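These are the residues of each chain, in order.
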Amino acid sequence: MDFIYWFDILGTFVFAISGTLAAGEKQLDLFGAVFIGFVTAIGGGTLRDVMIGVHPVSWICSMDYFYAIVLAVGITFFFKDFVLKLRHALFLFDTIGIGVFTIIGLEKALSYGINMPIAVIMGILTAVAGGIIRDTLNNEVPLIFHKEIYATACLLGALCFLLFQSLGLNVIWNQLITILIIILIRIASIKYNLSLPHIEIK
Amino acid sequence: MDFIYWFDILGTFVFAISGTLAAGEKQLDLFGAVFIGFVTAIGGGTLRDVMIGVHPVSWICSMDYFYAIVLAVGITFFFKDFVLKLRHALFLFDTIGIGVFTIIGLEKALSYGINMPIAVIMGILTAVAGGIIRDTLNNEVPLIFHKEIYATACLLGALCFLLFQSLGLNVIWNQLITILIIILIRIASIKYNLSLPHIEIK
Amino acid sequence: MDFIYWFDILGTFVFAISGTLAAGEKQLDLFGAVFIGFVTAIGGGTLRDVMIGVHPVSWICSMDYFYAIVLAVGITFFFKDFVLKLRHALFLFDTIGIGVFTIIGLEKALSYGINMPIAVIMGILTAVAGGIIRDTLNNEVPLIFHKEIYATACLLGALCFLLFQSLGLNVIWNQLITILIIILIRIASIKYNLSLPHIEIK
């Protein structure tokens, strides 16, 4: 039960809030909010586990994810004005969540013998798939397909993790440093308004 | 092959009809109707089995699901006026399907050692995920995210099942009674126009 | 490493192009293109493997799929005018891809002891599910639900494969001939503007 486990729960909590807020934009009911909150929070890890062949998938095996999600959806649903005021703090937590999810996904894939490039994909997928499912259920083209550096931050962080690992860095330090790298790249990309090139076909 | 197995097939049949009718609202072709009919009928159970780690997933292992779905799609596609006239009966069968799917999903999860709160989620998911995939494929925000008591009926029925089980009730009676509870809650919610609170963010 | 393996990679390559072009129609960014390219290419096989219980899913186990997809997305993203000029050739490759995916999916399901009708469904699913996920992520009703003979070609090819197999035809010849049958049916359906009947509910 090291620090990354509790960061994982924190990421789950914040992702569930983001799902509930998205449900609010479509005026969904409590069940819609719970459902979208859940899949936003556990969608990425679930897809990863199912494709690697880990079962039952991870969120089923610990009640902490369940409690974190129920708490997040409840608070957001019933105190939405309060939650909306905290958006700056939420952005930071969300970014921490992305970083943690990427490194957890990467390490889990590696621990199952998945080769490195695919393990990097699994790390990115862990971080981004929940938001993609959230937007798809909400009948929108996923936000991260056309705005912001987001998956790129995950990619660079995952590559740094592999590099530092090959250089023999202690795993705890490696986790901390690469999560921080992901956070910094994402914050920098917002600050300097960076985005990826687009493709346009008429 | 107890009664719940045949109720499961009946639920599959009715869910496939609901998928085909939804396909009709988008003027889809026969393949679209078959595909949406299939995923509406087997989507919930498939997601549950994949997350628990049951494989092959259940509908693959018995041809009865296949026959029920093909029959349901065929009848609805080619005799849609007849099927539409039966909507009241269909509503009842659909509600039976929801009840059966919830209790089957719950019991299956419990039998794989999943703990109770997550097993309840698996029960609800079995009942609702097919309809959610149906609406998503049809490019709509899922109906049950903003209308009707539906998942709530499943939740209450699942909790009653666990309660009665802990009180030592015979499993067959427990199945029958809790399915009936789900049906009655859903019918009452329609009759008295009950709905869950909504969240709205401008 | 017989011919069908390399046709599989070719199919993966062309499906990834089709995903990237779809991303272009929504003006997505590079990550959106990569993501949709990926799921279009590997979505069908992944769903099949997950439902049968093959894990890790097949694309995770060979780097060839990864290279084919990255190459396809890169070429399409940065040389889209060139790729668009090749649309006729792409259509042919796409059709080859559909044929190969169907037969691969069918054979894989059979090799895991899945019974024939369900194995046929697995073959069709391997061919069509990637495109369905592509359109759903792109916030469109899937194209193949309302246009063209497509799944029907897969179905007829799969049935021919089972027929020829029961007649004792050598497996390589059987693969070649049934893939060709799928290609010819699809081309004929475009040429003669064939489509399936539609269902319409007002």
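Here the structure is a predicted model, which means the values were calculated and not measured. (Residues numbered from 1 in each chain as written. Chains lettered and ligands numbered in written order. Predicted model: local features only at pLDDT ≥ 70, side-chain atom pairs only at ≥ 80, totals over all residues. Heavy atoms only, no water.)

Colleague: What is the right way to look at the overall build of chain A in this model?
Modeller: When you go through chain A residue by residue, the secondary structure sums to nine helices and zero strands. For chain A, the α and β elements follow one another from N to C terminus as α-α-α-α-α-α-α-α-α. Over its C-alpha trace chain A gives a radius of gyration of 16 Å, about what one expects of a compact globule, namely 17 Å for 202 residues. Dimensions of chain A, computed from C-alpha atoms along their principal axes, come out at roughly 50 × 45 × 30 Å. Of all 202 residues assigned to chain A, the portion counted as buried reaches 57%. Contacts spanning at least 24 positions in sequence make up 75% of the contacts within chain A whose residues lie at least 6 apart. Distance between charge centres in chain A, computed from 11 positive and 13 negative side chains, equals 7 Å. (Helix = DSSP H or I, 4+ residues; strand = E, 2+ residues; numbered from the N terminus. Rg over C-alpha atoms; globule rule 2.2 N^0.38 Å. Buried < 20%, exposed > 50% of the residue type's maximum accessible area, 1.4 Å probe, protein only. Contact = heavy atoms within 4.5 Å. Lys, Arg positive; Asp, Glu negative; His and termini not counted. Charge placed at Lys NZ, Arg CZ, Asp CG, Glu CD.)

Colleague: Help me understand the relation of the copies chain B and chain C in this model?
Modeller: The operation relating the pair of chain copies consists of a rotation about an axis and a translation along that axis. The two copies are related by a screw motion: chain B maps onto chain C through a turn of 120° and a shift of 0.0 Å along the axis, at an RMSD of 0.0 Å. Both copies of the chain, as the preceding transformation shows, are related through a three-fold rotation axis. Taken together, the interface assignments show that only 12% of the residues at the interface of chain B recur at the interface of chain C, consistent with different surfaces on the two copies. (Least-squares fit on C-alpha atoms with pLDDT ≥ 70 in both.)

Colleague: Looking at this structure, how should I read the interface of chain B and chain A?
Modeller: Interface extent is often summarised as the accessible area lost during association of the parts. Counting residues at the interface gives 32 residues for chain B, matched by 33 residues for chain A. Interface area for chain B against chain A, summed over the two sides, is near 2800 Å², with a carbon-plus-sulfur share of 74%. Of all residues in chain B, the largest losses of buried area upon contact with chain A belong to B:F145, B:I199 and B:I201, amounting jointly to 29% of the total for that side. On the surface where chain B and chain A come into contact, there are zero salt bridges. Run the count over chain B and chain A and you get eight residue pairs in polar contact (both at pLDDT 80 or more). The biggest single contributor to the side of chain B that touches chain A is helix α7 (residues 116-137) of chain B, with nine residues. Across the side of chain B that touches chain A, the residue classes break down as 21 nonpolar, seven polar and four charged. (Buried area = accessible area lost by both parts, 1.4 Å probe. Salt bridge = Lys/Arg side-chain N within 4 Å of Asp/Glu carboxyl O. Polar contact = N/O pair within 3.5 Å; in protein donor to acceptor, adjacent residues only side chain to side chain. Nonpolar A, V, L, I, M, F, W, Y, C, P; charged D, E, K, R; others polar.)

Colleague: Would you mind going over the side chain of B:R186 with me for this structure?
Modeller: Residues and elements named next belong to chain B. Examined against the element boundaries, R186 turns out to sit in helix α9 (residues 171-191). You can call R186 buried: its relative accessible area is 4%. Within polar-contact distance, the side chain of R186 engages the side chain of D94 at 3.4 Å. If we ignore the near neighbours within four places in the chain, the residues touching R186 are F91, D94, T95, I98, E148, I149, Y150 and A153.

Colleague: I'm lost on the interface of chain B and chain C in this one. Help?
Modeller: The partner chain C presents 32 residues to the 33 residues of chain B that form the contact. Both sides together, the interface formed by chain B and chain C hides about 2800 Å², and carbon and sulfur atoms give 74% of it. The largest contributions to the chain B side of the interface with chain C come from B:D29, B:F31 and B:I60, which together make up 22% of the buried area. The tally of links from chain B across to chain C stands at zero salt bridges. At the surface where chain B touches chain C, the tally comes to eight residue pairs in polar contact (both at pLDDT 80 or more). Mapped by element, the contributors of at least two residues to the side of chain B that touches chain C are α1 (3-25), α2 (30-52), α3 (58-61), α4 (63-78), α5 (80-85) and α7 of chain B.

Colleague: What am I meant to see in the relation of the copies chain B and chain A here?
Modeller: Once chain B is rotated about the relating axis by 120° and shifted along it by 0.0 Å, it coincides with chain A to within an RMSD of 0.0 Å. Taken together, the interface assignments show that only 12% of the residues at the interface of chain B recur at the interface of chain A, consistent with different surfaces on the two copies.

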